[in-house]
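Coordinates in review
The residues making up each chain are set out below.
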Amino acid sequence: MSGVHIIEHPLVLHKLGILRDKRTGTKEFRELVHELSILLGYEATRDLALADTTVETPLGTANCKTLEGKKLGVIPILRAGLGMVDGITSLLPAAKVGHIGLYRDPETLTPVDYYSKLPADVSERDIIIVDPMLATGGSAIAAVNVCKREGCKHIKLCNIIAAPEGIKAVREAHPDVDIYVACIDERLNEHGYIVPGLGDAGDRLFGTK
Ligand code: PRP
Ligand code: URA
């Protein structure tokens, strides 16, 4: 059963507080996005299939588990999603990485599609789409649409902060997509920014403002 998973781990909540702080600079912001991605990725991979195996230790035979070896794909929504890729791929080193380029039109808040490059065998892979912010949900819905158009059947979404409006929109458009998020904030403001949020994730990550 798919749904919304709020990751309220103490380490996540501690790091999220520092990430939100307007005094946190680019270097630390980037490090925190990386660390939070590992913690969220840990939860988003909780249901990976395992197979039984045995291992010879120096003292005997241990009954162990091994990942069944499902093919995985990590897809950041450019730009800010890039900050989450290394964290997730440190957990899943064999995952292939695709990129989807979208930006929000500042007037209409609708996503504008400018780039897409996915692994050739993306339809055979379980996909984790990453983006720190889920605001109106327009970008996430568009990214899931791209993946589904390419034949992907198992898609998860990993965000750091979401607005209730974005969660609702994604759930309505794609009820089969599980969402993993550290916090659902109060609301969107009139410019489509999450309140209290953390500001513009791309600008804070790349130091562009
Ligand atoms: C931000 C963010 C999401 C999107 C969320 O990207 O990283 O992709 O906004 O908003 P939505 O849920 O209302 O679609 P932005 O469009 O600012 O582009 P950038 O990452 O290139 O700065
Ligand atoms: N994108 C961001 O980077 N921040 C928001 O609050 C909303 C969209």
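Below you will find a few notes about this structure. (Residues numbered from 1 in each chain as written. Chains lettered and ligands numbered in written order. Predicted model: local features only at pLDDT ≥ 70, side-chain atom pairs only at ≥ 80, totals over all residues. Heavy atoms only, no water.)

Next up on the list: the overall build of the chain. Assigned secondary structure in the chain consists of six helices and 13 strands. Radius of gyration (C-alpha) of the chain: 18 Å, near the 17 Å computed for a compact globule of 209 residues. Taking the principal axes of its C-alpha atoms as reference, the chain extends roughly 65 × 40 × 30 Å. Long-range pairs, those at least 24 residues apart, make up 62% of the contacts in the chain with a sequence separation of at least 6. Accessible area of the chain: about 10900 Å², with a carbon and sulfur share of 55%. Computed over 24 positive and 28 negative side-chain charges, the separation of the two mean positions in the chain equals 2 Å. (Helix = DSSP H or I, 4+ residues; strand = E, 2+ residues; numbered from the N terminus. Rg over C-alpha atoms; globule rule 2.2 N^0.38 Å. Contact = heavy atoms within 4.5 Å. Areas by Shrake-Rupley, 256 points an atom, 1.4 Å probe, with all protein chains shown as cover. Lys, Arg positive; Asp, Glu negative; His and termini not counted. Charge placed at Lys NZ, Arg CZ, Asp CG, Glu CD.)

All residues in the neighbourhood of ligand 2 are listed as R104, M133, A135, G192, Y193, I194, G199, D200 and A201. A distance of 2.8 Å separates an oxygen atom of ligand 2 from a polar atom in the backbone of I194. At 2.8 Å from a nitrogen atom of ligand 2 is found a main-chain nitrogen or oxygen belonging to G199. Isolated, ligand 2 exposes 240 Å² of accessible area, and the fraction of that covered by the protein chains is 89%. (Near = heavy atom within 4 Å. Polar contact = N/O pair within 3.5 Å; in protein donor to acceptor, adjacent residues only side chain to side chain.)

This next bit is on the pattern of salt bridges. Applying the stated criterion across every chain, the model contains 14 salt bridges. For the salt bridge of E43 with R46, the shortest nitrogen-to-oxygen distance reads 2.9 Å. The exposure class of E43 is buried, given its relative accessible area of 18%. Under the relative-accessibility criterion, R46 is labelled exposed at 56%. Taking the shortest distance from any N to any O, the salt bridge between D203 and K209 comes out at 3.7 Å. (Salt bridge = Lys/Arg side-chain N within 4 Å of Asp/Glu carboxyl O. Buried < 20%, exposed > 50% of the residue type's maximum accessible area, 1.4 Å probe, protein only.)

Judged by nonpolar contacts, the single largest core of 34 residues is most densely connected at L19, V130, C158 and I160. Only helix 1 (10-20), helix 2 (26-44), strand 4 (72-78), helix 3 (85-91), strand 8 (126-130), strand 10 (155-162), strand 11 (178-184) and helix 6 (201-206) provide two or more residues apiece to this core. In terms of residue count, the dominant contributor to this core is helix 2 (seven residues). When near neighbours in sequence (up to four residues on either side) are disregarded, I160 contacts L16, L19, V33, L36, L40, M84, D131, P132, V181, A182 and C183. If you look at the next biggest cluster of nonpolar residues, it comprises 25 residues, including I77, I100, A140 and V146. (Core = buried A, V, L, I, M, F, W, Y, C linked by side-chain atoms within 4.5 Å.)

That bond from L78 to R79 is cis: its omega, -5°, falls within 30 degrees of zero. Omega for the peptide link from V195 to P196 comes to 0°, which places this bond in the cis form. Turning to its location among the elements, P196 is positioned in the loop between strand 13 (194-195) and helix 6. Although it is not a glycine, L109 sits at a positive phi angle of roughly 65°. As for its position among the elements, L109 is in the loop between strand 6 (99-104) and strand 7 (111-117).

This paragraph deals with the side chain of K15. Note on placement: K15 falls in helix 1. With a relative accessible area of 18%, K15 lands in the buried category. Residues contacting K15, with those up to four places away along its chain left out, are L32, E35, L36 and L39.

Approximately 720 Å³ is the volume found for the largest pocket. In this structure, the largest pocket is lined by 31 residues; those nearest its centre are Y103, R104, S139, Y193 and D200. Mapped by element, the contributors of at least two residues to the lining of the largest pocket are strand 4, strand 6, strand 9 (133-134), helix 4 (138-149) and helix 6. Of the residues in the lining of the largest pocket, the class split is 15 nonpolar, nine polar and seven charged. For the second largest pocket, the calculated volume is near 270 Å³. The element best represented in the lining of the second largest pocket is strand 8, accounting for three residues. Taken together, the residues that form the lining of the second largest pocket break down as eight nonpolar, two polar and seven charged. (1 Å grid on protein atoms, 1.4 Å probe; cavity = no way out; pocket = protein on both sides within 12 Å on 5 of 7 lines; lining within 4 Å. Points joined across faces, edges and corners; volume = space filled by probe spheres on them. Nonpolar A, V, L, I, M, F, W, Y, C, P; charged D, E, K, R; others polar.)

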